[in-house]
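# Reading the structure
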Amino acid sequence: MSVIRIISTAHSCLSFASLIAAAGVSALLASAPARADDYDAALKDIQSTMGGVPSFIKQFPKAGLPGAWAEVKAIELSDKTALTPKEKSLISLAVAAQIPCSYCIWSDTQNAKHAGATDEEIQEAVTMAALTRHWSTIFNGMQVDFDQFKKEMGGE
């Protein structure tokens, strides 16, 4: 595994921690309890993928780690999904800016750059998040009629 891929993967795994929190640990823990060998296999895979196991991984509940790691690998770290790594990083950065999560903002910015995003693309992704938040505040705060909004915007 190249040094750049290891560094990029390590950065992705920082956002792994906040993705887990954002997705809700309860959904992961609701599945069948993990066996000790599932946990050990997940740790070995993390070690193999990242070249090490970050300390925050060891703080994560053992019962949830195998499923959480599988989810991150299948979606965030996979290049065989509908979105490119750059698109996923930019989306994650925009969400992280709104949460806000300094861990994710840092990690997602690094990932976006490693995936080829320009400073202008990064700025635009964050600005889109701000615009969405801005207009959502207006629509919700003013209690704009949703059916009327859809009609006027070309919907039903």
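Note that the structure is predicted; figures quoted are calculated from it, not measured. (Residues numbered from 1 in each chain as written. Predicted model: local features only at pLDDT ≥ 70, side-chain atom pairs only at ≥ 80, totals over all residues. Heavy atoms only, no water.)

### Observations regarding the pattern of salt bridges
- Enumeration according to the criterion identifies four salt bridges in this entry.
- With a shortest N-O distance of 2.8 Å, K73 and D45 are connected by a salt bridge. Of this pair, K73 sits in helix 5 (residues 65–76) while D45 sits in helix 3 (residues 36–50); the two residues are 28 residues apart in sequence, bridging distant segments of the chain.
- When its relative accessible area of 25% is taken as the criterion, D45 is described as partly exposed.
- The partner of K150 in a salt bridge is D147, and the shortest N-O contact between them spans 3.9 Å. On the criterion of helical spacing, the pair formed by K150 and D147 is a turn pair, its members being three residues apart in helix 9 (residues 146–152). (Salt bridge = Lys/Arg side-chain N within 4 Å of Asp/Glu carboxyl O. Helix = DSSP H or I, 4+ residues; strand = E, 2+ residues; numbered from the N terminus. Buried < 20%, exposed > 50% of the residue type's maximum accessible area, 1.4 Å probe, protein only.)

### Some points on the packing of helix 6 (residues 85–98) against helix 8 (residues 119–141)
- Remark: helix 6 packs on helix 8, axes separated minimally by 9 Å, with the N-to-C direction vectors making an angle of 45°. With respect to each other, helix 6 and helix 8 are oriented oblique. The handedness of the crossing between helix 6 and helix 8 comes out as right-handed. Across the interface between the two elements, K86, L90, L93, A94, A97 and Q98 of helix 6 pack against E121, I122, A125, V126, A129, A130 and R133 of helix 8.
- Classifying every residue of the contact of helix 6 with helix 8 by side-chain character gives nine nonpolar, one polar and three charged. (Axes fitted to C-alpha atoms, helices over the stretch in contact; angles between N-to-C directions. Parallel < 35°, antiparallel > 145°, perpendicular 65-115°, else oblique. Left-handed = near helix turned anticlockwise from the far one by under 90°. Contact = heavy atoms within 4.5 Å. Nonpolar A, V, L, I, M, F, W, Y, C, P; charged D, E, K, R; others polar.)

### Concerning the packing of helix 6 against helix 7 (residues 102–114)
- At a minimum axis distance of 9 Å, the contact between helix 6 and helix 7 shows a crossing angle of 160°. In terms of orientation, helix 6 and helix 7 fall into the roughly antiparallel class. The two elements helix 6 and helix 7 meet at a crossing, and its hand is left-handed. Residues S89, L90, S92, L93, A96 and A97 of helix 6 touch helix 7, and the partners they reach there are C104, I105, D108, T109, N111 and A112.
- Per-class residue counts for the contact of helix 6 with helix 7 are seven nonpolar, four polar and one charged.

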